[in-house]
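Given next are the chains, with one letter for each unit.
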Amino acid sequence: MRMPLRFVLVVGLLVFVSMGCGPGGVAAPDASIGPFADGGGTDAAIPMDGGVWDGGSAPSDGSTGGVDASGSLPITVPDRTWTFVPVAGARCADGSDTGIGLRTSPGSRDVLVYFQGGGACATGDNCWGDGPGGAANVDGYGEAELRRDLGNDYALFDTSAGGGNPFRAMHMVFMPYCTGDGHAGEAVRELEVTGSTPRVTHFVGALNVRAALDRLAVTFPDVERVFVVGTSAGGGGATFHYARVRAAFGATTHLIVDSAPGIESEDDADRWRTWGIVPPCDGCSTAADVRRYDRSLDPDARYGYLGFRYDATMANGLGPAEFDAALTSFLDEVRAEATSRTFVVDNSDTMFTTTLHVVTTKNRPPALRSAYLSWLSALVAGSGWENVTVTPP
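Residues numbered from 1 in each chain as written. Predicted model: local features only at pLDDT ≥ 70, side-chain atom pairs only at ≥ 80, totals over all residues. Heavy atoms only, no water.

Enquirer: Tell me about the pattern of salt bridges, and please be specific about residues and values.
Expert: Overall, the coordinates contain 18 salt bridges when judged by the stated rule. For arginine 225, the salt bridge goes to aspartate 110, with nearest N and O atoms at 2.8 Å. Separated by 115 residues along the polypeptide, arginine 225 in strand S12 (residues 225-231) and aspartate 110 in strand S6 (residues 110-115) bring together distant segments of the chain. A relative accessible area of 13% places aspartate 110 in the buried class. A salt bridge links arginine 309 to aspartate 346, with the shortest nitrogen-to-oxygen separation between them at 3.3 Å. Of the two residues, arginine 309 is situated in the loop between strand S14 (303-308) and helix H7 (312-315) and aspartate 346 in the loop between strand S15 (340-345) and helix H9 (366-381); the sequence distance between them amounts to 37 residues. Among the ionic contacts, a cluster of salt bridges with common partners joins Asp289, Arg291, Arg292, Arg295, Glu333 and Glu337. (Salt bridge = Lys/Arg side-chain N within 4 Å of Asp/Glu carboxyl O. Helix = DSSP H or I, 4+ residues; strand = E, 2+ residues; numbered from the N terminus. Buried < 20%, exposed > 50% of the residue type's maximum accessible area, 1.4 Å probe, protein only.)

Printed below as a string of structure tokens:
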């Protein structure tokens, strides 16, 4: 289905392992200096209101404490308010403590789990130096960073009655990205940095997600639907952790990926080794393998992909024609699935001169925002959902 944006009506996330982090090598896979370490930090929740600190204090009933011998404890936070919740053992790339953002919605049986994007890195110069590529938030993520990000007017988190967001009444989980590994790593490395001392780097995104899910599963034991959404590198995280999220909540789980089609790069295998990635499925060695595994778990679960016709960030050096061929192959595969649909922004008229990346967070002209929210509303409703191509006005 193809339409100009002005005629769109209501119709009802960097690649997993090659995340456009630029040229350069990867750390030696034997550079591990030890396993992921638990402990440290605190689990006191930090409430906010609409992305702005409200001056409140953390609940004092002990329910936001860490993991004890009997298992994970549920999280208690103020309703309808974004709260930063430190998670025991969760680390950013620099080893600092981190956590998740959480907004609860009383009475809801649905959960939105959002995986944040922000580049990727696999060398000391990429992560800590002045080299090309790089990843966001490697030097820490806490309440201030969550407040900053929620202030960006992302439609996915708009809770206004007239905003058109189909997730507005759901519980919302914000999985921050601060490990440089597409949320997928399980390794700690010492990386050489040009002109500086080596840096211990915690590629522990997968372990952070597991720790968070342990808390979330007992916080929301009776949900009926989960919508896993990821943008750019977060789209890789959403793909990688789909099966784990589905198992944690025991509910019907749908997957929405924005700008992470999983186009392979020659550096993928080295990055997997550097980051210590353990695939969620036997025999899976590429992002495409993992996506196909995800789709095999539940034939009724819906999969939605959003992206641009040409995306230089995702191209990893491919020219427009090469990228278009690879993307077309991916889109054909998705569209052949009974419960999968695509939303593509055809920027072919400007693909050589304008860099566009991520539909749902970075690019927010009103017409495009209205179009993708309509498409997402149909996905959530499970009816009137079609493959859509839009052209910029």
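Back to the write-up after that little detour.
Enquirer: Before we move on, could you go through the state of the cysteines and cite the residues and values that matter?
Expert: Summed over the entire model, instances satisfying the criterion amount to three disulfides. Here cysteine 281 engages in a disulfide with cysteine 284; their sulfurs sit 1.8 Å apart. The sign of the S-S torsion, about -115 degrees, decides the handedness of the disulfide formed by cysteine 281 and cysteine 284: left-handed. Assigned by exposure class, cysteine 281 and cysteine 284 land together as buried. (Disulfide = S-S within 2.5 Å.)

Enquirer: Give a detailed account of the environment of valine 188, specifying residues and quantitative values.
Expert: Along the polypeptide, valine 188 turns up in strand S10 (residues 187-191). The buried category is assigned to valine 188, whose relative accessible area is 4%. With 15 residues separating them in the primary sequence, valine 188 and phenylalanine 203 have C-alpha atoms 5.7 Å apart.

Enquirer: Account for the nonpolar core, with residues named and values stated.
Expert: Among the nonpolar cores identified, the biggest contains 42 residues, and Ile100, Met175, Leu216 and Phe249 are the most heavily contacted of them. Residues within four places of methionine 175 in sequence aside, it is in contact with Ile100, Val113, Tyr114, Phe115, Gln116, His183, Val209, Ala212, Leu213 and Leu216. (Core = buried A, V, L, I, M, F, W, Y, C linked by side-chain atoms within 4.5 Å. Contact = heavy atoms within 4.5 Å.)

Enquirer: Describe the confidence of the model for the protein, naming the residues involved and giving the relevant values.
Expert: Taken over all residues, the pLDDT of the protein has a mean of 82, while the share at 70 or more is 79%. The low-confidence segment residues 1-44 (pLDDT under 50) makes 161 contacts with residues lying over four places distant or belonging to another chain. A low-confidence stretch, residues 49-70 (pLDDT under 50), is modelled with 46 contacts involving residues beyond four sequence positions or located in other chains. (pLDDT = per-residue confidence, 0-100.)

Enquirer: Can you tell me about unusual backbone geometry, naming the residues and giving the values?
Expert: The general pattern is negative phi for most residues beyond glycine and trans for most peptide bonds. Of note in this structure, serine 232 is not a glycine but carries a positive phi near 55 degrees. Residue position: serine 232 is located in the loop between S12 and helix H4 (233-249). Residue serine 232 is classed as buried on the basis of its relative accessible area of 6%. One non-glycine residue with positive phi stands out, namely serine 259, at about 60 degrees. By relative accessible area, which is 1% here, serine 259 ends up buried.

Enquirer: Explain helix H8 (residues 320-335) to me, and be specific about the residues and the numbers.
Expert: In this model, H8 (16 residues) spans 21 Å end to end at C-alpha, consistent with the 22 Å of a helix rising 1.5 Å per residue. Every buried residue of H8 is accounted for by Pro320, Phe323, Leu327, Phe330, Leu331 and Val334. Down the axis of H8, the sector holding all buried residues measures 100 degrees, keeping them to one side. Packed against the buried residues of H8 are helix H6 (287-297), S14, H7 and S15. (Expected span 1.5 Å × (residues − 1). Arc of directions from axis to C-beta.)

Enquirer: Any details on the packing of aromatic side chains? Residues and values, ideally.
Expert: Counted according to the given criterion, the structure contains 12 aromatic pairs. Between phenylalanine 203 and tryptophan 275, the aromatic rings sit 6.4 Å apart at their centres with planes inclined by 55 degrees, giving tilted as the arrangement. Separated by 72 residues along the polypeptide, phenylalanine 203 in strand S11 (residues 199-203) and tryptophan 275 in helix H5 (residues 268-275) bring together distant segments of the chain. Its relative accessible area of 0% is what places phenylalanine 203 among the buried residues. (Phe/Tyr/Trp six-rings, centres within 6.5 Å; stacked < 30°, edge-to-face > 60°.)

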